[in-house]
Structure formats: structure tokens, C-alpha cells
Amino acid sequence: MAKADGNKDKERDEDDRHATSLIAEIARILRLEKGLTQEELGVLIGYTGSAISAMETGAQPASDVMLERLETAIGDRRKIFEVARKYVLMEKYPVRFRSFSQMEASAHTISSYETLVVDGLFQTEEYARALIGGGYPPVSEAKAAELVEARMARKKLFDRDPTAMIELILEEGVLTRPFGDREVMREQLLSLAKDAQRDNVTVQVLPKDRGLKGSYAGARGPMKLVETKDHEHVVYLEIEDESILISNRAKVSRLFQRYAKIRAQALSPDESLGLIERLAGERK
């Protein structure tokens, strides 16, 4: 039964790509209007003819860079491809994450607690590639590249105007659990330390020995708390390829209180930064 459900999710993930299919057809029509072959359009935008063919047939969705270049080459200042970018990007996310991705991109504040891996918003490209490429069930190289691209696009939130306030609490074990190789992990720690020093970002570490103090609030797993652009509060939970978006006020309040307790039990931002830098070999 679980296998059947997994197959249905995979089919929905692959088939529910209306924006991708539409923009591919528009690209084909505009290319033909300009009398260009797939190879000629490829030369104009720095891709092979086979890459253009894959985009037009839906075998490989257009990357963000390809859409930017298509706008310049055949868009004729109509901004068709520019507008399409956010919709095509959304379809690259797993189905379970798509609705939340819009909320995240426009959020006023985001507060995350992670227990196993670095939060996706803070991941480096190499760390994300190792994590996604080594997951189970395995995905194709093309799908992995697509998921990595979509994850990296989320980083625009750091520099968005208006500014989003971003907070992250990590279990200490996350900082010592490598993916890819040791150098990939070191670069991830350095990137995390750099992000932690942004004016709109706070990073804290929950010590692995916190339970020895008689009180440990993080035992029930990760969560992501959001204050939306309309100042509503919701909580996003994700486990084993399933997601839950909680908006019930009583439940949200309880989870916000639990998160506040986790934050109180974590190291201070300065102490956390020092630990991250020591683990990266930048401090003694």
C-alpha cells in the first residue's frame, strides 16, 4: 500500500507542471515566429540545441538562467519568461512543499528548529547536492539538479526587500553530521557562520548535553514557525515526505511556546557562532 501511495505521489509530482508545459509551448511558438531552429536559439542563449529540445518537449524543465536568457532573446520585452520564473520554480519543489514555498518567500518572520540537517534555506549548493543525491528513494541526476536549483533559489529571502527576519535553532549534532565529505561540511559551517552574522538573521545551537540539565524541550522534532506578510501565524511540519500546515490558533500558540522554550535552552547567538567557527576550524 505504501508503495502504491509513493508511486501516486511521484506521478503527481511529475505531472502537475502546468506552468512548465505552458512556458515551453510559448517558447516554441516564439522561436518559430522568429524563424529560429532549436540549434540557432541555443547558440543565442548559450545552450545546445538538444537542451532547447528537452525544454520544449518537457523532458527537462527550463532552468532559471535559461528563462532569463529566453526573455532577452525572444521575449521582446513582454516579460513573459520573467513572470513565468516564479511559477516554473515552484513546480520544481516537491508537491508537499509547494504551497508553503509561496508563504516562505513572502513571510515577515521565519523561525526554524532543525534536528537532523542544516535547514534548507541555509544549505550550500554542495551540501544540498550531497543530501539530495544521497537520499532514499534515489532520484535521477536531472531531478537532483532540479531540486538543488530550487533550494538555492530560496536564498533570495535573505536579501529580500522588505527585509525578512530569519531565526534558526540547530541541534548541535547537525553541525557534526557530515554529508558529501569533510570539505563539503566545512564549507557548510563557514557559510552558516557567515549567514549568522547578517543583520536580519539569528542562529543558535541547542547543546547535545542539554538533557543532562533536567529539561529538554526539543524532543518532539523539527518545526518551522511563520509570521505571514499579513501578520498571521502558522506552523509548518514535515516528516517522512509528509507535510502539515497548522493554522489553528490554540495549536499554533502551543507550538510557539515550545519553540520559545527551545530557544531559551539554546546557546546565545555569540556562543553559537563561536562553536560553529571552532567546528569549521576557524577558531581555537
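This part is about the sheet that holds strand E5 (residues 233–239). Read across the sheet, six strands follow the order E3-E2-E1-E4-E5-E6 without closing on themselves; strand pairing throughout is mixed. Edge positions in the sheet fall to strand E3 (201–206) and strand E6 (242–246), since each of these pairs with one other strand and no more. Each adjacent strand pair in this sheet contributes to an overall mean axis angle of 15°, direction not counted. As paired elements, strand E4 (residues 223–227) and E5 share four bridges and run antiparallel to each other. Paired with Val226 across the two strands is Val234, which belongs to E5. Each of strand E1 (109–114), strand E2 (165–171), E3, E4, E5 and E6 touches helix H12 (residues 249–265); the most contacted strand, E4, lies at about 110° to it.

In this section: the pattern of salt bridges. For the structure on display, the rule yields 17 salt bridges. Salt-bridge contacts for Glu25 lead to Arg28; the nearest nitrogen and oxygen are separated by 2.7 Å. Taken together, the residues Glu25 and Arg28, both in helix H2 (residues 18–33) and three residues apart, mark about one turn of the helix. Between Glu126 and Arg129 there is a salt bridge whose closest N-O contact spans 2.7 Å. A residue pair is termed a helical-turn pair when its members lie 3 or 4 positions apart in one helix, as Glu126 and Arg129 do in helix H8 (residues 125–133) at three residues. A relative accessible area of 43% places Glu126 in the partly exposed class. Taken together, the salt bridges that share partners define one network made up of Asp64, Glu68, Arg85 and Lys156.

Cut-offs used in this document
Residues numbered from 1 in each chain as written. Predicted model: local features only at pLDDT ≥ 70, side-chain atom pairs only at ≥ 80, totals over all residues. Heavy atoms only, no water. Pairing = 2+ DSSP bridges. Helix = DSSP H or I, 4+ residues; strand = E, 2+ residues; numbered from the N terminus. Axes fitted to C-alpha atoms, helices over the stretch in contact; angles between N-to-C directions. Contact = heavy atoms within 4.5 Å. Salt bridge = Lys/Arg side-chain N within 4 Å of Asp/Glu carboxyl O. Buried < 20%, exposed > 50% of the residue type's maximum accessible area, 1.4 Å probe, protein only.

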